[in-house]
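Inside the fold
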Protein chains: 2
Amino acid sequence: MAIPNESYSGKINRKLLKKQRIIRVAAGREPADLVLKNATYLNVFSNELCRGDIAVAEGLIVGMGDYTGRKEYDVSGRVVLPGFIDAHIHLESAMVTPREFARAVLPHGTTTVVADPHEITNVMGTDGIDYMLQATEGLPIDVRFMLPSCVPATPMDEAGAVLDYRAIDSFYEHPRVNGLAEMMNYPGVIAADAGVIEKIVAAQAHHKKIDGHAPGLQGKDLDAYVAAGVYSDHECSDLEDALRKLQRGQFIMIREGTAARNLDALLPLLTPRYYERCMFCTDDKHPGDLLEKGHIDYIVRRAVAGGADPILAVKAASHNAARYYQLNNRGAIAPGYLADFAVVDNLEQFQVQMVFKKGKLWYGDGYFREMPLPAIDPWLVERAHDTFQVRTLAVDDFRDRRRRGVLGLVPGEILTTDNGYADHVDLAQDILKLAVVERHKGTGHIGLGYLQGYGLRAGAVATSISHDSHNIIAVGTNSADMALAVNRVVENRGGIVVAQGGQVLTELVLEVAGILSEQSVEKLNTQLEKAKETAHGLGVSRGIDPFMTLSFLALPVLPTLRITTRGVIDVNSQQYV
Amino acid sequence: MAIPNESYSGKINRKLLKKQRIIRVAAGREPADLVLKNATYLNVFSNELCRGDIAVAEGLIVGMGDYTGRKEYDVSGRVVLPGFIDAHIHLESAMVTPREFARAVLPHGTTTVVADPHEITNVMGTDGIDYMLQATEGLPIDVRFMLPSCVPATPMDEAGAVLDYRAIDSFYEHPRVNGLAEMMNYPGVIAADAGVIEKIVAAQAHHKKIDGHAPGLQGKDLDAYVAAGVYSDHECSDLEDALRKLQRGQFIMIREGTAARNLDALLPLLTPRYYERCMFCTDDKHPGDLLEKGHIDYIVRRAVAGGADPILAVKAASHNAARYYQLNNRGAIAPGYLADFAVVDNLEQFQVQMVFKKGKLWYGDGYFREMPLPAIDPWLVERAHDTFQVRTLAVDDFRDRRRRGVLGLVPGEILTTDNGYADHVDLAQDILKLAVVERHKGTGHIGLGYLQGYGLRAGAVATSISHDSHNIIAVGTNSADMALAVNRVVENRGGIVVAQGGQVLTELVLEVAGILSEQSVEKLNTQLEKAKETAHGLGVSRGIDPFMTLSFLALPVLPTLRITTRGVIDVNSQQYV
């Protein structure tokens, strides 16, 4: 907590007074602010369950033993764990603001998340980072940030900003910025590309962490990537991949999120030989998944059900992530650590019953304390609600007769196939018109192509969630409904629209940067499910998520064909077709 | 390495060019600077021995596998380990300058030491810290510093300086300063004494470590001490003490030095359940002990002989200390880590055969590269060689007939007994005159008392090594030889003198701050042994180290009686007798 105009002496004095109180409480000379009486708690240092009262003062644990406090909770029969940490998540994946995200995950025992604001930064540039920093200030979960390393994700992308190391440099001074987020451009690292390596050396110059993203990388290329200064990986989907990286010193984030789920494959890491270098993350967590399964508690529960030692699993869920990020005051129940607790029923069910953050009960036994509303600068609020620079489109904008590439969907896969060319919609063959509308700079660029395998029989679907640039992607059986859907997305300043026959059938408003809603996760999810139902009603195949499927079609790093604001591209050859 | 007047952009560019070269070598596009061919090396991450070539560029490990280099060493049949780290040592205990210390320990595989310059700082104030920083710059062992927390050691001490938090604060900016050294004043911490707690909160404000020193502390007092922010302890002499501290989150430094040897008692910590929170230190290491036994290699060897898993022992000797001090680029053999290696014959004998620091062979197979002479500011050199402010003393200064307390020596113990009073030397009862001469500020203070059990039959012994203030302590059968011995110590600007019958029989010159010699450890030790022999020849009991015994008699924290510049004090009651 920085205090304006505070002298260094003044700061030391302020901390001195606080520390003296902590010592008096720890030594038993003063009552604690809070005591968890009769606790059974996990000791991450001696790797055992210990018993005693846990005393808290000034938001910190001060002692374990026999204490009295101004506020006491008897936690007999339960187990007190350090609050959970999600080591890597894009908060935007929950489609709500950070406050609503916090409301959703705190009851699951999460007290810290390390977020990469990659999506909003691709829309708003560094204003997106500022927005997220302000939108997370004072929340009862501690949101730490890694700075997006790849904006835009590729040179083919037309994102809201182009960020070099200088653009993000000043953010390293922020007390909640812990490093450089997943360095997805591993070919650029291995090629020693100056613009990429500059970002790494700048992060190192600030003594910050650099997270990795390099599925399957091995051999000398992996050596080069690690030697460059990339300290972790969350993309391991098999044990061999993880062990290769662990052996070279990378920390392994075992990911179990909505889209990618690697826990089963990596469960053997949660053994004494390896677990110390492992932690948990979700990477992305969609609203329905969050409501249905939970968060890090879900991963712990599944790991233990899968045979992992509960003590090792909890350490991966808390202590190890704290050690990796050098968040040295959390991830343990011991004097001097933050009083962040997840109180669970037992070490089999791991049902979270109470959650404390900095010594305050936020959730427990039916009680849920109201969260503060973070104060965000008005100009940033306005900026976040005004991210569309698109003129009103006409039917003609989508009407053309050129031959265009056809992206083929593969059920259950994120890959597409190259299905040749088409020059018109052909419902008999399930070939639909596909468009990406540039929406950040008012360039008027509209990339056109065709999509096969989506199933839509009538109308159009448009969404402004479209990785990683979040331009507007639309698919339709006819140009009129496509224009209507896209125009409606723009009018709403973001979101999802399903239109048919000149009518908007359903819509979801994502008014913050075109990707987030200010509603609760519950309300947002109800609307989302309704919108999905509408899309399925128009024919979209049941095996396909109508919106998530679209949202990956404009990401020109996934084979085979993708569509950008400049047309259909063959990702393998990096040539427009 | 800070470069004067370098812009931030310039710094990033410099690091970029270096990093690009590292990547090219790691990726196999350029030959390495150094390759250890056919290595068997310890992988601290996967906890196993691995095989392959180890490639080095720009002083860093860049890859393990199949590499070629401009310089290659075949290390077949040996085992490559990360260089060893001594987690806590007072370099002054070796009685030589840091360069000579480095020459002595490097062949034992030590590549990093964390030093507390407590002794020299008690003599020279912060000039002592500056001297040590400069005297260690560029050495082939990396000397990190913890700032002395207790100068003077007690309010009864007359040291060369009185340092509050402000006095040491600017040193935290130095890249080789890692924190605040052993907080010996644990009663002050528990009492929440402002002057003590300020030092802790200032170290925390700089995000630095704070080491502990609290033998046997337990219960709420231990909670208070740990809650205050003390992160480690090196004073555990039994397992229960260590486990109590480990459970509360303190890192345990297993100490095996010259004076205190705790390895045997703490060996059970080197097991999978606990070892992760443990490291090795020597605390003090006297010249003879260093030459005879070695350094951290000796501890590893003994631990393994005692039944410890060699992999865990090596991790305690390297990786774990690096993790604790957040020296994140060392303590492992993996890409991006410093190329600091101890090459040993095998994991039973642990005989160090080659030592590399930052990719350079410094010692190996008979070869020993000449060490650079650190450049020390001339004024600091002069300052270090001129630390005595004592007028020439006369026989009368030691001649008095008052009744004084008698300190009783206990063979094999550092404690003294309260042997009542005496008012004259009485050789029949082995009662000798004892004096402490203040030597820092020219106060003229001379504390007088008596010593029983030392055995001297004739002459006097004086030394300027006298913990922690390093005033001159002298013992003798007569005032004339005491005055001669003390005057000679002052003339020599420090050291040890044995005199008898008006003659100096032997002397050891410690010209740097009165506590260090600029000679090699070997030469110094030869002279020291000769001086000891002379003292024993004058009657000093064979079971007693003639100088080390004296050096603790003026430390007013050890029961029962001690002598200060103001007379004999009862440590238990804190009253002069």
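The present account deals with the structure reproduced in this document. Along each chain, the written sequence defines residue order, and numbers are assigned to residues from 1. As a convention, the first chain written is A and the first ligand written is 1, with the rest following in written order. At least 70 in pLDDT is required for a residue's local features to be given in this predicted model, at least 80 for side-chain atom pairs to be given and counted, and no such filter applies to totals for whole chains, interfaces and linings, which use all residues. Neither water nor hydrogens contribute to the side-chain values; these are computed over all heavy atoms in the structure.

1. Structural notes on the relation of the copies chain A and chain B
Look at the two chain copies: a rotation about an axis and a shift along it is all it takes to match them. When chain A is brought onto chain B, the operation consists of a screw motion whose angular component is 180° and whose axial shift is 0.0 Å, with 0.0 Å RMSD remaining. Taken together, these values place the two copies in the relation of a two-fold axis. Looking at the rotation axis and the C-alpha trace of chain A, the residue lying nearest is P272(A), at 3.8 Å. Here 100% of the interface residues in chain A have copies in chain B that are interface residues too; the copies meet face to matching face. Overlaid copies result from least-squares superposition on C-alpha atoms, with residues included only where pLDDT is at least 70 in both. Contact between two residues is taken to exist if any of their heavy atoms lie within 4.5 Å; hydrogens are not considered.

2. Section: the interface of chain A and chain B
Many descriptions give the size of an interface as the accessible area lost when the pieces come together. On the chain B side, the residues contacting the 66 residues of chain A number 67 residues. Each of two parts loses accessible area, computed with a 1.4 Å probe, when they are put together; buried area is these two losses added. Carbon and sulfur atoms make up 54% of the surface buried where chain A meets chain B, a total of about 5300 Å² over both sides. A pairing counts as a salt bridge when a side-chain nitrogen of Lys or Arg comes within 4 Å of a carboxyl oxygen of Asp or Glu. Note that R273(B) is salt-bridged to E48(A), the shortest N-O span being 2.9 Å. Numbered from the N terminus, helices here are DSSP runs of H or I no shorter than four residues, and strands are runs of E no shorter than two. Of all the secondary-structure elements, those providing two or more residues to the side of chain A that touches chain B are α1 (8–26), β2 (48–57), β3 (60–65), α5 (165–169), α6 (186–190), α7 (194–205), α8 (219–227) and α9 (239–247) of chain A. Three classes are used, and their members are as follows: Ala, Val, Leu, Ile, Met, Phe, Trp, Tyr, Cys and Pro are nonpolar, Asp, Glu, Lys and Arg are charged, and the others, Gly among them, are polar. Looking at the side of chain A that touches chain B residue by residue, the classes come out as 33 nonpolar, 15 polar and 18 charged.

3. Some words on the side chain of K209(A)
Residue placement: K209(A) occurs in strand β10 (residues 209–212). Despite its burial, K209(A) pairs with no opposite charge; the closest candidate is D211(A), at 8.3 Å N-O. Sequence-distant contacts of K209(A), defined by excluding residues within four places in its chain, comprise M146(A), N178(A), G179(A), L180(A), Y231(A), Y324(A), Y325(A), Q326(A) and N328(B). Each residue is placed in one exposure class: buried if its accessible area under a 1.4 Å probe, protein chains only, is under 20% of its type's maximum, exposed if it is over 50%, and partly exposed if it falls in between. Positive charges are assigned to Lys and Arg, negative charges to Asp and Glu, while His and the chain termini are left out of the count.

4. Here we look at the sheet that holds strand β25 (residues 503–509) of chain B
Hydrogen bonding along the main chain pairs the strands of a sheet, whether they run parallel or antiparallel. Residue and element names in this part refer to chain B. Read across the open sheet, the eight strands follow the order β19-β18-β21-β20-β23-β22-β24-β25; overall the sheet is mixed. Of all strands in the sheet, those with a lone pairing partner are β19 (416–422) and β25, marking the two edges. When strand polarity is set aside, the average angle formed by the axes of neighbouring strands in this sheet is 25°. Judged from the seven bridges that link them, strand β20 (residues 431–437) and strand β21 (residues 446–452) form a sheet pairing that is antiparallel. Note that in β21 the partner of V436 across the bridge is G447. Note on geometry: axes are lines fitted to C-alpha atoms, helical ones only across the stretch in contact, with angles between N-to-C directions running from 0 to 180 degrees. Helix α16 (residues 479–491) contacts β20, β22 (460–463), β23 (472–476), β24 (495–500) and β25 of the sheet and is inclined by roughly 150° relative to β24. Contacts from helix α17 (residues 521–537) reach β24 and β25 within the one sheet, and its direction differs from that of β25 by about 150°. Any two strands between which DSSP finds at least two bridges are classified as paired.

5. With respect to the pattern of salt bridges
A complete count under the given rule lists 76 salt bridges over all chains for this structure. One salt bridge connects E491(B) with R488(B), and the closest N-O pair in it is separated by 3.1 Å. In this pair, E491(B) and R488(B) both sit in helix α16, three residues apart, roughly one turn of the helix. Residue class for E491(B) comes out exposed when judged on its relative accessible area of 55%. The class of R488(B) is partly exposed, set by a relative accessible area of 25%. Each member of the salt-bridge network shares a partner with another, and the members are R21(A), R24(A), E30(A), D33(A), E58(A) and R70(A).

6. Some points on the environment of G160(B)
Mapping G160(B) onto the fold places it in the loop between β8 (142–147) and α5 (165–169). Once residues within four sequence positions are removed from consideration, G160(B) is found in contact with N122(B), V123(B), H440(B) and K441(B).

7. With respect to helix α12 (residues 296–305) of chain A
Because the α-helix completes a turn every 3.6 residues, residues three or four places apart line up on one side. Residues and elements named next belong to chain A. Buried residues dominate α12, accounting for eight of its 10 residues. Looking at α12, one finds that the buried residues are I296, D297, Y298, I299, V300, R301, A303 and V304. One or two positions beyond α12, positive phi appears at G307, with a value near 115°.

8. Quick notes on the sheet that holds strand β28 (residues 575–576) of chain A
Residues and elements named next belong to chain A. Strand order in the open sheet made by the three strands is β26-β27-β28, with antiparallel pairing throughout. Of all strands in the sheet, those with a lone pairing partner are β26 (561–564) and β28, marking the two edges. Pairing of β26 with strand β27 (residues 567–570) involves four bridges; the strand directions are antiparallel. When the bridges of β27 are listed, I563 appears paired with V568.

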